[in-house]
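A look at the structure
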Amino acid sequence: SVEEAVYSSVFAQLAGGQASVRKNDKKLGDFLAEHTFPGFDASTALPGGASSPVTLEGFLLALATNAADPEQAIMFFVGLETEALSKAAVGQALLSYAKLAGCHVDGFAVPVWEKIASRATQGAESISFDAWGDCCTCLLRILRLKKMCNH
């Protein structure tokens, strides 16, 4: 996948060509802090002690599973006072959530934003409470990857 290719390249730089990087490596921590939800703490979220090795697989998993703060996503959905969002309302709700989560979304042309929102909600006619967190995670992964590819 594009995501795996982009982040594999980043990992290779962080690890200096080695198979792993220490969990307490500052560059690793800084990168994960920028590309996961605010408040994500690699020292407690990744398994092992402070000097434990983090492999490429662990790095990719941390990025994928910690893209959105589950508690923040739930509170946002609850704030919408609904049990499910119609497909038509999802795009605007996701845009609002992405801004709340600190992702740069300004400057996306409407068709680009609609394509991103459509991908994040693929296969759903409406978004239930249970599916909302997955949509938020997918959305933030796409936005962060797009940012990486634009650099």
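Before reading on, note that the structure itself is shown above.
Residues numbered from 1 in each chain as written. Predicted model: local features only at pLDDT ≥ 70, side-chain atom pairs only at ≥ 80, totals over all residues. Heavy atoms only, no water.

All right, on to the overall build of the protein then. A tally of regular secondary structure across the protein gives eight helices and four strands. Mapped from its N terminus to its C terminus, the protein presents α and β elements in the order α-β-α-α-β-α-α-β-α-α-β-α. The globule rule puts the C-alpha radius of gyration for 151 residues at 15 Å, and the 16 Å found for the protein is close to it. Overall, the protein is about 45 × 30 × 25 Å in size when its C-alpha atoms are taken along their principal axes. Evaluated residue by residue, the protein yields a buried proportion of 40% over its 151 residues. (Helix = DSSP H or I, 4+ residues; strand = E, 2+ residues; numbered from the N terminus. Rg over C-alpha atoms; globule rule 2.2 N^0.38 Å. Buried < 20%, exposed > 50% of the residue type's maximum accessible area, 1.4 Å probe, protein only.)

Turning to its location among the elements, His-35 is positioned in helix 2 (residues 26–35). Apart from residues lying up to four places away in sequence, His-35 is in contact with Tyr-7, Leu-63, Arg-144 and Met-148. (Contact = heavy atoms within 4.5 Å.)

Looking now at the nonpolar core. Counting 28 residues, the largest nonpolar core has Leu-94, Tyr-97, Trp-113, Trp-132, Leu-139, Leu-140 and Leu-143 as its most contacted members. When contributions to this core are tallied by element, the ones reaching two or more residues are helix 5 (70–79), helix 6 (87–100), helix 7 (110–120) and helix 8 (129–150). In terms of residue count, the dominant contributor to this core is helix 8 (seven residues). Setting aside anything within four residues of it in sequence, one finds Leu-94 in contact with Trp-113, Ala-117, Ala-120, Thr-121, Trp-132, Cys-135, Cys-136 and Leu-139. Of all hydrophobic cores here, the second largest spans 20 residues; its members include Val-6, Tyr-7, Val-21 and Ala-42. (Core = buried A, V, L, I, M, F, W, Y, C linked by side-chain atoms within 4.5 Å.)

The residue Glu-83 is located in the loop between helix 5 and strand 3 (84–86) in this model. Residues contacting Glu-83, with those up to four places away along its chain left out, are Phe-77, Ile-127, Ser-128 and Phe-129.

It is worth spelling out the packing of aromatic side chains at this point. Applying the stated criterion across every chain, the model contains nine aromatic pairs. Ring centres 6.1 Å apart and planes at 75° place the aromatic pair Tyr-7 and Phe-31 in the edge-to-face group. With Tyr-7 in helix 1 (residues 2–15) and Phe-31 in helix 2, this pair connects stretches of sequence that are 24 residues apart. Its relative accessible area of 3% is what places Tyr-7 among the buried residues. The interplanar angle of 35° and the centroid separation of 5.8 Å between the aromatic rings of Phe-31 and Phe-59 together place this pair among those described as tilted. Of the two residues, Phe-31 is situated in helix 2 and Phe-59 in helix 4 (residues 56–65); the sequence distance between them amounts to 28 residues. Among the aromatic residues, ring-to-ring pairing joins Phe-76, Phe-77, Tyr-97, Phe-129 and Trp-132 into one connected group. (Phe/Tyr/Trp six-rings, centres within 6.5 Å; stacked < 30°, edge-to-face > 60°.)

What is shown is where atoms sit, not what they do.
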